[in-house]
Amino acid sequence: MEQSNALLVESCIDSKRFSLDSNFKVLTRLSLILLIVLASLACVDVVARTVFSYSFAGTYELNELLVSVVVAGLIASSFFESRNIKVELLSRFGPVGSGLMAMFERALCLLALAVISWSFISKALQTHQYGETTSVLGLQTYPVWSLAGLVALVLALLVIAGMARPVRDCLRVLSGEKLLAPVLIMGAVLAVGAAYFTLAGGSDASAVFLVAGGFLLAYALILLQIPVGVALLVVGGLGIGGYLGWPQALAITGNVVVGTATSLDLIAIPLFLLMGNFATASGMSGQIYRAASSALGSRKGGLAIASIVGCGGFGAICGSSIATTATFGKVAFSEMVDRRYASALAAGTIAAGGTLGALIPPSVVLIIYAIIAEVSIQESFQAALIPGLLALVLYCLAIIVTIRLKPELAPETQAFDRNTAVRDLIKAWRPVVLFGLVVGGLYGGIFTTQEAGSVGAVLALLFFFFSGNFSFSGFWDGLQDTALNSAAIYVIYIGASVFAALMSFAGAADLILEYVKPEETSHFVILAVLVLIYLAIGTIFDTVAAVLVTAPVVLPLIAGMGYDLVWWGVVTLSLVEVGMITPPLGLNVFVMKSVVGNRAQMMEIFRGVTPFLVADAVRIVLLVSFPAIALWLPGVI
């Protein structure tokens, strides 16, 4: 009887969880449907402006206002699914991976989500109180902000309700584990946090203490598997609260959240992610690979070169290294092994080729860097094009040289079928049109970054709809994946912005310049040290996290040495991407291993990426030695 009652309770909890999942996914998908509607309106405005020289009044401010509802609907997704970006370096250690530490993580996540949700609600109250209106159309803004606040509140409550089962699971684990080590770790972290908050408000609080203490506490939380964005938000808010007071800390955080929610540059991120998901669902990755393999596969090592070209082409549409690696790992690895390519070369080629996804524009990470560094996104895209193509060419040369030295790694050449090559190239017209329109429109000044994302997302959706692969389940899955990845990026951006505000108040830029003294220290030595640091960070951190965590320290130093921040953005992205295939913790290698399973061992994949690491070393030396490689094209355009 007791067992049946327990099963009944378990069934009720599971059905409640299912209901929560359904309601949550409906709200987040509705947010993205609103985004697709806004993207469609932006496309109409682009066509009207370009073809008929007519622009709809107030389109920009209306998009900026309604985007807040979309962002409010997205942010909670990563909390609900526990998909925030974190560093898994210490995940295998018992005390760090314990149930108690998991509950500590969830408590901090709920705190961060509560602050973010309150920011939306507070903005709605402010706009109602002051009667805020838009500049062009004269519309009251409080109804839209009230809707954004309501969406944020409902989703936050659903997240809290959804935490019931994970907390219950953690409590079950606690009964069977040793608690001394995790209790000591949590106690130490809380004590350090309390001391930091207390001393930050003291009259003797120095810039060194605020900066060094803030970084140490943030990195400690990150290493303890607290999501990167949450750790930065908590430490940044804690430091500002101690330094200026809680009202100021909440006000600054609220301004960051509101600014993030209304940024049309940042909204390009979910738009480009939508474009990549719909492009993948429509089969574009397979079309790109077949076209490249038909054209190059008859040569010795041609299929490996085709995989690199395919990764570069799809990465330009997808914008994600991990997604490119995972997608082409499924598409290309089996094909290469079946044609008697060595599994090490096949897996290493795809893992390295995946890194091209974040460098060849349009790049999600480059958008984030440009916003943080306050440089032009279009100019950053222009600067990344030649280095991205250089990386692709050097990777192809690495394959040619490797196979020349070890011919047994690839099969002998096969007969070239011109008809098949032409047919496959013609079939690949959709990704060519998509990439050409988005990048060409950006480079040609026809539309902004947000409009480029809108055009790309709408066009990719149309291609998906008419591809023959369309299904509503694929459509909803694409929306859900976009929501989760966008939410994770928004959370880490908000956390990094609050942390950067703390560093600004503490005078981090002046402090770094004072200690490093770029006018006395060789710039070459400073750049060499930064290169090594970024290579190390890239092996541990996600690309977005690596850029945002280091920005408050590195950008003032680069600017103080008189270097171009657009050029440094390209160098930074290149370094972090190289770190993703650098032993022993290259993230792309682990992604590739998860795709191929037992068909390739980890050491084989690391051995396979070695020639590409040599090519990367050549590229980094060229980029650092000759900044014109990145800056020539923006100067010409």
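Predicted model only: the values in this text are computed from it and were never measured.

1. As for the overall build of the protein chain
Summing up its helical and strand segments, the protein chain has 28 helices and 0 strands in all. For the protein chain, the C-alpha radius of gyration of 25 Å lies close to 26 Å, the compact-globule estimate for 637 residues. In terms of overall dimensions, the protein chain has a C-alpha envelope of 75 × 70 × 55 Å along the principal axes. When each of the 637 residues of the protein chain is scored for burial, the buried share is 55%. Within the protein chain, contacts between residues separated by at least 24 positions form 82% of all contacts whose residues are at least 6 apart in sequence. Of the accessible surface of the protein chain, which amounts to about 26300 Å², a share of 67% is contributed by carbon and sulfur atoms. Taken together, the 31 basic and 35 acidic charged side chains of the protein chain have centroids lying 12 Å from each other.

2. Overview of the pattern of salt bridges
All told, the structure shown has 4 salt bridges when counted by the stated rule. The salt bridge involving E451 is made with R49; its shortest N-O contact spans 3.0 Å. Of the two residues, E451 is situated in helix α20 (residues 449-465) and R49 in helix α1 (residues 2-51); the sequence distance between them amounts to 402 residues. Under the relative-accessibility criterion, R49 is labelled partly exposed at 28%.

3. Looking at the state of the cysteines
Here a disulfide denotes one covalent bond, and it connects the sulfur atoms of two cysteines. Inspection of every chain in the model, using the stated rule, returns 0 disulfides. Of all cysteine sulfurs, the one in C396 lies closest to C311, which takes part in no disulfide; the gap is 11 Å.

4. Quick notes on the confidence of the model for the protein chain
A residue-level look at the protein chain finds 92% of positions with pLDDT of 70 or above and a mean pLDDT of 83. No element of the protein chain has a lower mean pLDDT than helix α6 (residues 164-174), at 63, and none a higher one than helix α17 (residues 377-405), at 91. The low-confidence segment residues 1-18, where pLDDT is below 50, has 8 contacts with residues more than four positions distant or belonging to other chains.

5. Regarding the packing of aromatic side chains
Counting across every chain of the model gives 19 aromatic pairs. Consider the rings of F120 and W145, whose centres lie 6.4 Å apart with planes at 35°: the pair is tilted. Of this pair, F120 sits in helix α4 (residues 99-130) while W145 is found in helix α5 (residues 142-162), placing the two residues 25 residues apart along the sequence. Like W145, F120 is buried. An aromatic cluster is present here, built from F278, F464, F465, F466, F470, F472, F475 and W476 joined pairwise through their rings.

6. Considering the nonpolar core
One finds F120, L434 and W568 to be the most contacted residues of the largest nonpolar core, which totals 212 residues. Ranked by the residues each element gives to this core, the list is headed by helix α21 (residues 472-506), at 17 residues. The contacts of L434, once residues within four sequence positions are left out, are M275, A279, M284, I317, G456, L459, A460 and F463.

7. Remarks on unusual backbone geometry
Of note, the phi angle at S53 is positive, near 55°, even though the residue is not glycine. On the secondary structure map, S53 appears in the loop between α1 and α2 (59-75). Judged by relative accessible area, which is 68%, S53 ranks as exposed.

8. Remarks on the packing of helix α12 (residues 284-296) against helix α14 (residues 321-338)
Across the interface, α12 lies against α14 with an axial gap of 10 Å and an inter-helix angle of 35°. The handedness of the crossing between α12 and α14 comes out as right-handed. Contact residues: S285, G286 and Y289 in α12; T327, F328, V331, A332, E335 and M336 in α14. In terms of residue class, the contact of α12 with α14 is made up of 5 nonpolar, 3 polar and 1 charged.

9. Re the side chain of S454
Looking at where S454 falls in the secondary structure, it is placed in helix α20. Non-local contacts of S454, meaning those with residues more than four positions away in its chain, are made with A39, A42, C43 and L271.

10. A few points about α21
Under the 1.5 Å per step criterion, the end-to-end length of α21 is 51 Å for 35 residues, consistent within 8% with the ideal 51 Å. Just downstream of α21 lies G507, where phi reads positive at about 75°.

11. Considerations on the environment of T521
Along the chain, T521 turns up in the loop between α22 (508-516) and α23 (523-540). If sequence neighbours within four positions are ignored, T521 has contacts with V516 and I526.

12. Quick word on the environment of A212
On the secondary structure map, A212 appears in helix α8 (residues 207-223). Looking at A212, the relative accessible area reads 35%, which means it is partly exposed.

13. Some remarks on the layout of surface pockets
If you roll a probe as big as a water molecule over the atoms, it shows you where there is empty space left. Reported here for the largest pocket is a volume of approximately 1300 Å³. In terms of lining residues, the largest pocket is bounded by 43 residues, among which I322, N485, D542, L587 and V591 are the most central. Contributing elements (two or more residues each) for the lining of the largest pocket: α11 (268-281), α14, α16 (364-373), α21, α23, α24 (543-560) and α26 (587-596). Ranked by residues supplied to the lining of the largest pocket, first place goes to α14 with 6 residues.

14. Brief notes about the packing of α12 against helix α19 (residues 429-443)
Viewed as axis vectors pointing N to C, α12 and α19 meet at an angle of 105°, and their least axial separation amounts to 8 Å. It follows from the interaxial angle that α12 and α19 lie roughly perpendicular. Between α12 and α19, the contacting residues are M284, Q287 and I288 on the first element and R430, P431 and L434 on the second.

15. Points about α14
For α14, built from 18 residues, the straight-helix expectation of 26 Å at 1.5 Å per residue is met to within 8% by its first-to-last C-alpha distance of 25 Å. A bend of about 45° at G329 is the largest found in α14. The set of residues buried in α14 consists of S321, T324, T325, T327, F328, G329, A332, F333 and M336. Of the surrounding elements, those touching the buried residues of α14 are α11, α12, α13 (302-318), α15 (343-354), α25 (565-579) and α26. Backbone geometry just downstream of α14 places R340 in the positive-phi region, at approximately 70°.

16. Let's talk about a nonpolar patch on the surface
Together, V44, V47, V51, F52, Y54 and F56 make up a nonpolar patch on the protein surface, roughly 620 Å² of accessible area in all. Relative to the assigned elements, F52 resides in the loop between α1 and α2. For F52, a relative accessible area of 62% translates into the label exposed.

17. Side note on the side chain of T28
Among the structural elements, T28 can be located in helix α1. For T28, a relative accessible area of 1% translates into the label buried. Within polar-contact distance, the side chain of T28 engages the backbone oxygen of K25 at 3.0 Å.

Conventions used here
- For every chain, the first residue of its written sequence is number 1, and the numbers climb from 1 along that sequence.
- Confidence filtering applies because this is a predicted model: local features only for residues at pLDDT of at least 70, side-chain atom pairs given and counted only at 80 or more, and all residues used for totals across whole chains, interfaces and linings.
- Hydrogens and waters are ignored; side-chain quantities use all the structure's heavy atoms.
- Segments assigned H or I by DSSP are reported as helices when at least four residues long, segments assigned E as strands when at least two residues long, and all are numbered from the N terminus.
- It is over C-alpha atoms that the radius of gyration is taken, and the globule rule equals 2.2 Å times the number of residues to the power 0.38.
- Here's how the labels work: a residue is buried when its accessible area is under 20% of the maximum for its type, exposed when over 50%, partly exposed in between, all with a 1.4 Å probe on protein chains only.
- Residue contacts are defined here by distance: any two heavy atoms, one from each residue, within 4.5 Å place the two residues in contact.
- Method for areas: the Shrake-Rupley scheme with a 1.4 Å probe, in which residue coverage is limited to the protein chains shown.
- In this charge count, Lys and Arg are treated as positive and Asp and Glu as negative; neither His nor the chain ends contribute.
- The atoms used to mark charge sites are NZ of Lys, CZ of Arg, CG of Asp and CD of Glu.
- A carboxyl oxygen of Asp or Glu within 4 Å of a side-chain nitrogen of Lys or Arg is what we treat as a salt bridge.
- Cysteine sulfur pairs qualify as disulfides if the two atoms are within 2.5 Å.
- A score between 0 and 100, pLDDT records how confident the predictor is in each residue.
- Stacked, tilted and edge-to-face are the three classes assigned to paired rings of Phe, Tyr and Trp, where Trp is represented by its six-membered ring and a pair needs centres within 6.5 Å; plane angles under 30 degrees give stacked, over 60 edge-to-face, the rest tilted.
- By convention a nonpolar core is built from buried Ala, Val, Leu, Ile, Met, Phe, Trp, Tyr and Cys residues, the set being connected through side-chain atoms within 4.5 Å.
- Every axis corresponds to a line fitted to the C-alpha atoms, with the helix fit spanning only the stretch in contact, and the corresponding angles, defined between N-to-C directions, vary from 0 to 180 degrees.
- For any pair of crossing helices, the crossing counts as left-handed if the nearer helix is rotated counterclockwise from the farther one by less than a right angle, and right-handed if it is rotated clockwise.
- In this classification, the charged set is Asp, Glu, Lys and Arg, the nonpolar set is Ala, Val, Leu, Ile, Met, Phe, Trp, Tyr, Cys and Pro, and all remaining amino acids, among them Gly, are polar.
- The span expected for a helix works out to 1.5 Å for each residue beyond the first.
- Points on a 1 Å grid over protein atoms alone make up a cavity when a 1.4 Å probe fits among them but cannot get out, and a pocket when they form an open set with protein on both sides within 12 Å along at least five of seven lines; lining residues each have an atom within 4 Å of a point.
- Grid points are joined across faces, edges and corners, and a volume is the space filled by probe spheres set on the points.
- In these notes the angle categories are as follows: under 35 degrees is roughly parallel, over 145 is roughly antiparallel, 65 to 115 is roughly perpendicular, and the rest is oblique.
- Two axes are fitted around each residue, one to the seven residues ending there and one to the seven starting there, and the angle between them is reported as the bend at that residue.
- For patches, a residue must show more than 30% relative accessible area and have no salt bridge; joins then use 9 Å for like charges and 5 Å for nonpolar side chains, namely Val, Leu, Ile, Met, Phe, Trp and Tyr.
- Whenever two N or O atoms come within 3.5 Å, that pair is a polar contact, provided that in protein one can donate a hydrogen and the other can accept it, and provided that, for residues adjacent in sequence, both atoms are side-chain atoms.

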